[in-house]
Amino acid sequence: MEENFKMIAKCFFGFEEILEQELRTLGAQDVEKGVRMVSFKGDKGFMYKANLSLRTALKVLKPIYSFRANNEQALYKGISGVNWSKLLNANQTFVIDATVHSTYFNHSEFVSQKCKDAIVDQFRERTGQRPSIDKQYPDLRINIHIDKDQVSVALDTSGNSLHQRGYRTATNIAPINEVLAAGILLLSGWEGQSHFLDPMCGSGTFLAEAAMIACNIPANINRKEFAFEKWKDWDNDLFDQIINSLMKKTKEFHYTIKGYDKAPSAVSKAKDNIRNANLEDYVTIREDNFFDTEKETEGKLHIVFNPPYDERLDIQMERFYSSIGDTLKKNYPGTNAWFITANLEALKFVGLKPSRKIKLFNASLEARLVKYEMYEGSKRAKFQI
């Protein structure tokens, strides 16, 4: 039996609870929520499974060592305390990502350099050879985190951020990050239980993520590579076994997922990305202006979208957001509509009272995810018996 070990899944602010739930559902042990991260335990197979499956994780780290250091000599000595030849050969490559919150160390670049020296010197002393740095395609990605005088050393199991799912080759001016999109969908309660619409679909990210959630398709099944595939203990048979097991748990979806965009170029890109993700059977996309549309399906409709705000496109903010409110109110009864915006001023013009507001960040911009409930008939009538 493989030993269980501790791992840390990193996430965006506001997604900690969803990520915690994802990990519990997957079968993680000792799950503990932190700030922008959730720690858990599992074995090597679970490490593969977490990277393949987690929708709201940006990276999965495997801590291997920790020590205290309040100067560069102590840092060098601490890093030298790891037997790096167990993880890396002298003819391989590595890179160090450092994050520093400490009065003892001012610059992450300096920390990276010092840690690199310690690793290289250890190899040179033992073998006469040394591994080299490769920032693009390293064989081993090492994560150093310093908080005050506490130094944590972890291996990055994922490699490139897990938002790089592998299906999105074409994007528009400001595409929404895939992990952010998945998190928003899960926060909105989307599970594939109704029809779905993204009326301003851009390059189709919400559509792809919505379809994968609805069908329980692993989020990163289309990804080309994970960092752990270059590790010394890489187990290709176990990885294939995990993929087969996950794909057996996919499910059928009995509703529609539709996307509109008024830009022909966006529609074309979105269709390409949906095709790349092998989701054409579930998603239809067409050129249309949301403000000229109305609800086309019976029963509940779940709408999620990312309208433009001034940072991206030149639009008349007041009129645009007021049109969103008017269109939802007049043309989309029986709908739960969610959208994210970093233009908090613009929300005033929607003219509807949101039933929920959730603080999130879109890149560095503080944003709000808002929910508007459109009832069939009047709201009062809904509550009358």
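Residues numbered from 1 in each chain as written. Predicted model: local features only at pLDDT ≥ 70, side-chain atom pairs only at ≥ 80, totals over all residues. Heavy atoms only, no water.

Asker: So what's going on with the nonpolar core? Residues and values would help.
Answerer: Counting residues in hydrophobic clusters, the biggest one holds 118 residues, and the most contacted among them are Leu-23, Phe-40, Leu-75, Ile-79, Ile-142 and Ile-144. Here this core takes 8 residues from helix α6 (residues 205-214), the largest share from any one element. Taken domain by domain, the makeup of this core includes at least three residues from each of domain 1 (5-156) and domain 2 (178-216 + 251-381). Residues contacting Ile-79, with those up to four places away along its chain left out, are Phe-67, Trp-84, Cys-115, Ala-118, Ile-119, Ile-144 and Val-153. (Core = buried A, V, L, I, M, F, W, Y, C linked by side-chain atoms within 4.5 Å. Buried < 20%, exposed > 50% of the residue type's maximum accessible area, 1.4 Å probe, protein only. Helix = DSSP H or I, 4+ residues; strand = E, 2+ residues; numbered from the N terminus. Domains from an automatic or database assignment. Contact = heavy atoms within 4.5 Å.)

Asker: So what about the confidence of the model for the protein chain? Which residues, and what values?
Answerer: Taken residue by residue, the protein chain gives an average pLDDT of 93. The fraction at 70 or more is 95%. Across residues 380-385, where pLDDT falls below 50, the model places 1 contact with residues more than four positions away in sequence or in other chains. (pLDDT = per-residue confidence, 0-100.)

Asker: I'd like to hear about the packing of helix α2 (residues 44-53) against helix α7 (residues 236-247), residue by residue, with values.
Answerer: For any two helices packed against each other, the geometry is given by the interaxial angle and the distance between the axes. Axis separation between α2 and α7 bottoms out at 10 Å; the angle between their running directions is 50°. The pairing of α2 with α7 is recorded here as oblique in orientation. Taken as a pair, α2 and α7 cross one another with a handedness that is right-handed. Counted together, Lys-44, Gly-45, Tyr-48, Lys-49, Leu-52 and Ser-53 of α2 and Leu-238, Phe-239, Ile-242, Ile-243 and Leu-246 of α7 form the full contact between these two elements. Within the contact of α2 with α7, the residues separate by chemical class into 7 nonpolar, 2 polar and 2 charged. (Axes fitted to C-alpha atoms, helices over the stretch in contact; angles between N-to-C directions. Parallel < 35°, antiparallel > 145°, perpendicular 65-115°, else oblique. Left-handed = near helix turned anticlockwise from the far one by under 90°. Nonpolar A, V, L, I, M, F, W, Y, C, P; charged D, E, K, R; others polar.)

Asker: Now, about the UniProt feature "domain: THUMP" (unreviewed entry) in the protein chain: what can you tell me, with residues and values included?
Answerer: The UniProt record marks residues 46-157 with the feature "domain: THUMP" (unreviewed entry), using the residue numbering of this structure. The span residues 46-157 is 33% helix and 32% strand, and its two end C-alpha atoms sit 12 Å from each other. (UniProt positions renumbered as here; feature names shortened; annotations may be inferred.)

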